[in-house]
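Below are the chains, spelled out letter by letter.
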Amino acid sequence: QVQLVESGGGLVQAGGSLRLSCAATGSIFNINAMGWYRQAPGKQRELVAVISSGSGTNYADSVKGRFTISRDNAKNTVYLQMNSLKPEDTAVYYCNADISEYASTWRLRVYWGQGTQVTVSS
């Protein structure tokens, strides 16, 4: 019964900040990579940032220098700190994680959060 629970979305003015959180719950044996994606209306879902189990990170060029992804393994949680927000950052943000469960520790499956709306006004 693994699921990802997101929080932290909302409405913010351009130049403002938001911090998204995503906590994995359930019978979790291991979490490998975790990441954030976003999807704006009429557009494809795109990678925003990803963080490996060793805390290596990668960012989309559009958010580099403004967003920071981090994780707290003790809490099974990934964060996305978003600073200097722009209207073009407006989208539904989805977290994801590669997770193995106790029932099948050899198998990593991709899980997605339900999405949280981020709206940046000009």
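Everything below is about the structure printed above this text.
Residues numbered from 1 in each chain as written. Predicted model: local features only at pLDDT ≥ 70, side-chain atom pairs only at ≥ 80, totals over all residues. Heavy atoms only, no water.

1. Description of the pairing of strand 3 (residues 18-25)
Using the following cut-off: Any two strands with at least two DSSP-identified bridges between them are counted as paired. Labels follow the DSSP assignment, with helices taken as runs of H or I lasting at least four residues and strands as runs of E lasting at least two, numbered in each case from the N terminus.
As paired elements, strand 1 (residues 3-7) and strand 3 share 5 bridges and run antiparallel to each other. What sits directly across from Val 5, in strand 3, is Ala 23. With 6 bridges joining them, strand 3 and strand 8 (residues 77-82) adopt antiparallel strand pairing. Across the sheet, residue Ala 23 finds its bridge partner in strand 8, namely Thr 77.

2. Topic: the pattern of salt bridges
Convention followed: Criterion for a salt bridge: a side-chain nitrogen of Lys or Arg within 4 Å of a carboxyl oxygen of Asp or Glu.
If you walk through the whole model with that rule in mind, you get 4 salt bridges. With a shortest N-O distance of 2.8 Å, Arg 38 and Glu 46 are connected by a salt bridge. Between Arg 66 and Asp 89 there is a salt bridge; the shortest N-O distance is 2.8 Å. Residue Arg 66 is located in the loop between strand 6 (57-59) and strand 7 (67-72), and its partner Asp 89 is located in the loop between strand 8 and strand 9 (91-101); the two are separated by 23 residues in the primary sequence.

3. Examining the state of the cysteines
Convention followed: A pair of cysteine sulfur atoms is labelled a disulfide when the two atoms are within 2.5 Å. When accessible area is computed with a 1.4 Å probe and restricted to protein chains, residues below 20% of their type maximum are described as buried, those above 50% as exposed, and intermediate ones as partly exposed.
Counted according to the given criterion, the structure contains 1 disulfide. Each disulfide pairs two cysteine sulfurs, and for Cys 22 the partner residue is Cys 95, the sulfurs being separated by 1.9 Å. Here the disulfide of Cys 22 and Cys 95 is right-handed, its torsion about the S-S bond being about 50 degrees. Of the two residues, Cys 22 sits in strand 3 while Cys 95 sits in strand 9, which places them 73 residues apart along the sequence. As far as burial versus exposure is concerned, Cys 22 and Cys 95 are alike and both buried.

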